[in-house]
Amino acid sequence: MSTILRGLQFYPGKTIIHKLDPRVKLVISLLLMATAALYLEVTIITMVIVVEALLSIVAKVFSRWARTVYGAAPLIILVFIANFLFKLSMPGQSLSFQSIYESLQLAYRLVAFLASFSIFFLTTTPEELGMALTKMKVPYMYTFAFISAIRFTPILAEELQSIVDAQRSRGLELEKGNIITRLRRYIPILVPLMVNVLRRSYELAEAIEVKCFGAKKNRTYLRELKMTTKDWITLSASITLFTVAIYIRYFSRISIP
Amino acid sequence: MIIFENVEYVYPNGFKALNRINLEVNSGEVVALMGENGAGKTTLLKHLNGLLKPTSGRVLIDGVDTRHSTVASLSRKVGIVFQNAEDMFFSPTIQEEIAFALNNFHFPGDVIRKRVDWALKFMELEEYREKSPFLLSGGEKKRLALAIILAWSPDIVALDEPTVGQDILQKEKMIQIIRQANQQGKTIIISSHDVEFIAELKPRIILMSKGRIVRDGPSEEVLTDISILQECRLLPPQIVSLTSKLDFLGLKPKLARPEEVANEIARRVRHLVNYS
């Protein structure tokens, strides 16, 4: 889980991808996901993943991006098993190569989804994301809650590690015993973590209140987002490619291997 | 006895927190690890009970190599009180909080009751026995954290920044507790950058900077070496700063009680007046 979270954390850089307008990056990520959702064919989803890999190379975050995909392996396996069992439970279905293949396709699609998210979060700061959402008319209250959640994830991960260290130093062994015993052993970890989270949220609420959060409906910003020529070109190219993908999927007779 | 042999530790992000650490601490010693933030003090402490294992080199606790031992078994010998005491608390009452580790270490029921009573008394927390740990004041929480550790009587007690957020009375109480625990034969290791607190305690001092040990010696020597303290981004104790500015009276930087220094100044001034 922590590997996936690390893959969704901003990594500073000065590449062309980092410099793109966050709204354009958000649209590209959503279009890549939509393309993966349009097709189940392994070739197309592989192409989407290759495009994502190329973007991560240009953004110089390939190893982190790859780690996200690798870290998501247990989740992907879980999706595969769940799909496979669901298919088997359907009336008239039996254990066949087809059912395994179809379950694999769905799990593979998840890789494309996660990888697309990863590129966006690796190259966009929570503040930029907040600005993009606000520009898209999302109420600032929700945007702020969302970016705060992202910003506090690494801090929460650090606190979790401190708590685990403190409790292990008191002889708590998380690895021993059956599943029920192990779950019960997580209580000394979860209670202090919950207390810390609640305390932090109260402190944050006080801190933003004293800084007049919500005093005026229309906020002003230190930095304003402005679309440049590069942004427009990238956006147009992405939308064109996506239109081609829709055309091939629904209107052409090209057969996809 | 604690032995660090050529210990290096590199965090997964590539940051080298400990660099060729060689160190021996005898049983019953009081040692202070001092240095700026990020010097490697907490990383070194976490090696004592195996929470971190050296990337290279080895750590021996009474001859046991931490690389081949579990945190639970090492914690029986080494108790660490972490900076944020609240990271430990989860039980509904203070006595249950203290009993938690004793249960983990499989102490018999009657021994647990005796040890909980002793720890509550030793830390002057008896009246709060049934209270929630979260309702204690900052100083009481620190004392509870120490009670939790002392209850199972580890041979080595490590304290990570014990004075953070403590007022002067609480610091004095902490010094008393440390001295008492040391008199009971415990080895005490304190990580701190509170020079006044350490100057009062006068332990052996290990100065760290950028993952290395830059100085190891008695308080009287290390805390009067102003240049090395500055190198480690530490201010000298006030009494040392004062005496370092009185060289015209023939005084050298000195770690002593204020009354002693006052008497010394008076004696030297009298001598100067008589001479002139």
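A. Structural detail: the sheet that holds strand β1 (residues 2-10) of chain B. Residue and element names in this part refer to chain B. Spatially, the four strands line up as an open sheet ordered β2-β1-β4-β5, and their pairing is antiparallel. Looking at strand neighbours, the two that pair on one side only are β2 (16-25) and β5 (64-65), the edges of this open sheet. Alignment of β1 against strand β4 (residues 56-61), held across five bridges, turns out to be antiparallel. Directly across from Ile2, in β4, lies its bridge partner Ile61.

B. Representation of the pattern of salt bridges in the model. Residues and elements named next belong to chain B. Tallied over the entire structure, the rule returns 27 salt bridges over all chains. With a closest N to O distance of 3.1 Å, Arg204 and Glu29 form a salt bridge. Taken as a pair, Arg204 in strand β9 (residues 204-209) and Glu29 in the loop between β2 and β3 (30-34) lie far apart in primary sequence, 175 residues in all. Across the pair, Glu29 and Arg204 agree in class, each one buried. Asp194 is the partner of Lys171 in a salt bridge, and the nearest nitrogen-oxygen pair spans 2.8 Å. Of the two residues, Lys171 is situated in helix α6 (residues 168-183) and Asp194 in the loop between β8 (187-191) and α7 (195-201); the sequence distance between them amounts to 23 residues.

C. Fine view of the interface of chain A and chain B. The partner chain B presents 20 residues to the 18 residues of chain A that form the contact. Between chain A and chain B, the buried area comes to about 1700 Å², and carbon and sulfur atoms account for 57% of it. In terms of surface lost to chain B, no three residues of chain A exceed Arg168, Ser169 and Arg170 of chain A, which account for 41% of the buried area on that side. Connecting chain A to chain B are nine residue pairs in polar contact (both at pLDDT 80 or more). Breaking the side of chain A that touches chain B down by element, the ones donating at least two residues are α9 (140-168) and α11 (187-210) of chain A. Counting residues per element, the side of chain A that touches chain B draws most heavily on α11 of chain A, at seven residues. The residue inventory of the side of chain A that touches chain B, partitioned by class, reads eight nonpolar, five polar and five charged.

D. The arrangement of the domain arrangement of chain A in detail. Residues and elements named next belong to chain A. Looking at the assigned domains, one finds that chain A contains domain 1 (1-124 + 227-257) and domain 2 (128-225). Summarising the inter-unit geometry, the C-alpha centres of domain 1 and domain 2 are found 27 Å apart. On the side of domain 2, 10 residues touch domain 1, which itself brings 13 residues to the contact. Each partner contributes to the roughly 890 Å² buried at the junction of domain 1 and domain 2, and carbon and sulfur atoms together form 79% of this total. The three residues of domain 1 that bury the most area against domain 2 are Pro22, Arg23 and Leu26, which together make up 47% of that side's buried surface. Here domain 1 is connected to domain 2 by zero salt bridges. Counting the contacts that link domain 1 with domain 2 gives zero residue pairs in polar contact (both at pLDDT 80 or more). Of all the secondary-structure elements, those providing two or more residues to the side of domain 1 that touches domain 2 are α3 (22-38) and α7 (97-123).

E. The arrangement of the packing of α3 of chain A against helix α12 (residues 229-250) of chain A in detail. Residue and element names in this part refer to chain A. For the pair α3 and α12, interaxial distance at closest approach is 10 Å and the crossing angle is 10°. When the axes of α3 and α12 are compared, the pair comes out roughly parallel. From α3, Val24, Val27, Ile28, Leu31, Ala34, Thr35 and Leu38 reach across to α12, where they touch Asp231, Thr234, Leu235, Ser238, Ile239, Phe242, Ala245, Ile246, Arg249 and Tyr250.

F. Spotlight on the environment of Met174 of chain B. Looking at where Met174 of chain B falls in the secondary structure, it is placed in helix α6. Contact partners of Met174 of chain B, with chain neighbours within four places excluded, come to Lys142, Leu146, Pro162, Gln166 and Phe197 of chain B.

G. Main features of the side chain of Thr163 of chain B. Residues and elements named next belong to chain B. Residue placement: Thr163 occurs in the loop between β7 (156-160) and α6. Classification of Thr163 as buried rests on a relative accessible area of 6%. There is a polar contact of 3.0 Å between the side chain of Thr163 and the side chain of Asp194.

H. Looking closely at the packing of aromatic side chains. In the structure shown here, the tally under the stated rule is 14 aromatic pairs over all chains. Relative to Phe84 of chain A, the ring of Phe80 of chain A lies with its centre 6.1 Å away and its plane at 10°, an arrangement referred to as stacked. Pair noted here: Phe80 of chain A and Phe84 of chain A are both in helix α6 (residues 73-89), with a separation of four residues, about one helical turn. Ring centres 6.2 Å apart and planes at 65° place the aromatic pair Tyr140 of chain A and Tyr221 of chain A in the edge-to-face group. With Tyr140 of chain A in helix α9 and Tyr221 of chain A in the loop between α11 and α12, this residue pair connects regions lying 81 residues apart in the sequence. Three or more aromatic residues joined by ring pairs make a cluster, and in this case those are Tyr140, Phe144, Phe213 and Tyr221 of chain A. Above the face of the Tyr250 of chain A ring, Arg249 of chain A is positioned so that its terminal group lies 5.4 Å from the ring centre. Against the face of Phe105 of chain B rests Arg76 of chain B, its NZ or CZ located 6.0 Å from the ring centre.

I. Up close: the sheet that holds β8 of chain B. Residues and elements named next belong to chain B. The mixed open sheet is built from six strands, whose spatial order is β6-β7-β8-β3-β9-β10. Looking along the sheet, the strands with just one partner apiece sit at the ends: β6 (78-81) and β10 (212-218). Strand-to-strand twist across the sheet, computed as the mean angle between neighbouring axes with direction ignored, equals 15°. Bridge count between β3 and β8: four bridges; the pairing is parallel. Each residue of the ladder has a partner; that of Ala32, found in β8, is Ile190. In the packing of helix α5 (residues 138-150) onto the sheet, the strands contacted are β6 and β7, and the crossing angle to β6 comes to about 170°.

J. Spotlight on the pairing of β9 of chain B. All names here are of chain B. Extensive coverage of β9 is indicated by the burial of six of its six residues. The two faces of β9 match: Arg204, Ile206 and Met208 on one face and Ile205, Leu207 and Ser209 on the other face are all buried. Sheet analysis places β3 next to β9, joined by four bridges and oriented parallel. From the neighbouring strand, Ala32 faces β9, where its bridge partner is Ile205. Examined bridge by bridge, β9 and β10 share six bridges and lie antiparallel to one another. The residue of β10 that forms the bridge with Arg204 is Pro218. Taking the residues that link successive antiparallel strands as the turn, the β9-β10 hairpin has two residues, and the phi of Lys210 there is positive, at about 50°.

Rules used throughout
Residues numbered from 1 in each chain as written. Chains lettered and ligands numbered in written order. Predicted model: local features only at pLDDT ≥ 70, side-chain atom pairs only at ≥ 80, totals over all residues. Heavy atoms only, no water. Pairing = 2+ DSSP bridges. Helix = DSSP H or I, 4+ residues; strand = E, 2+ residues; numbered from the N terminus. Salt bridge = Lys/Arg side-chain N within 4 Å of Asp/Glu carboxyl O. Buried < 20%, exposed > 50% of the residue type's maximum accessible area, 1.4 Å probe, protein only. Contact = heavy atoms within 4.5 Å. Buried area = accessible area lost by both parts, 1.4 Å probe. Polar contact = N/O pair within 3.5 Å; in protein donor to acceptor, adjacent residues only side chain to side chain. Nonpolar A, V, L, I, M, F, W, Y, C, P; charged D, E, K, R; others polar. Domains from an automatic or database assignment. Axes fitted to C-alpha atoms, helices over the stretch in contact; angles between N-to-C directions. Parallel < 35°, antiparallel > 145°, perpendicular 65-115°, else oblique. Phe/Tyr/Trp six-rings, centres within 6.5 Å; stacked < 30°, edge-to-face > 60°. Lys NZ or Arg CZ within 6 Å of the ring centre and 35° of its normal.

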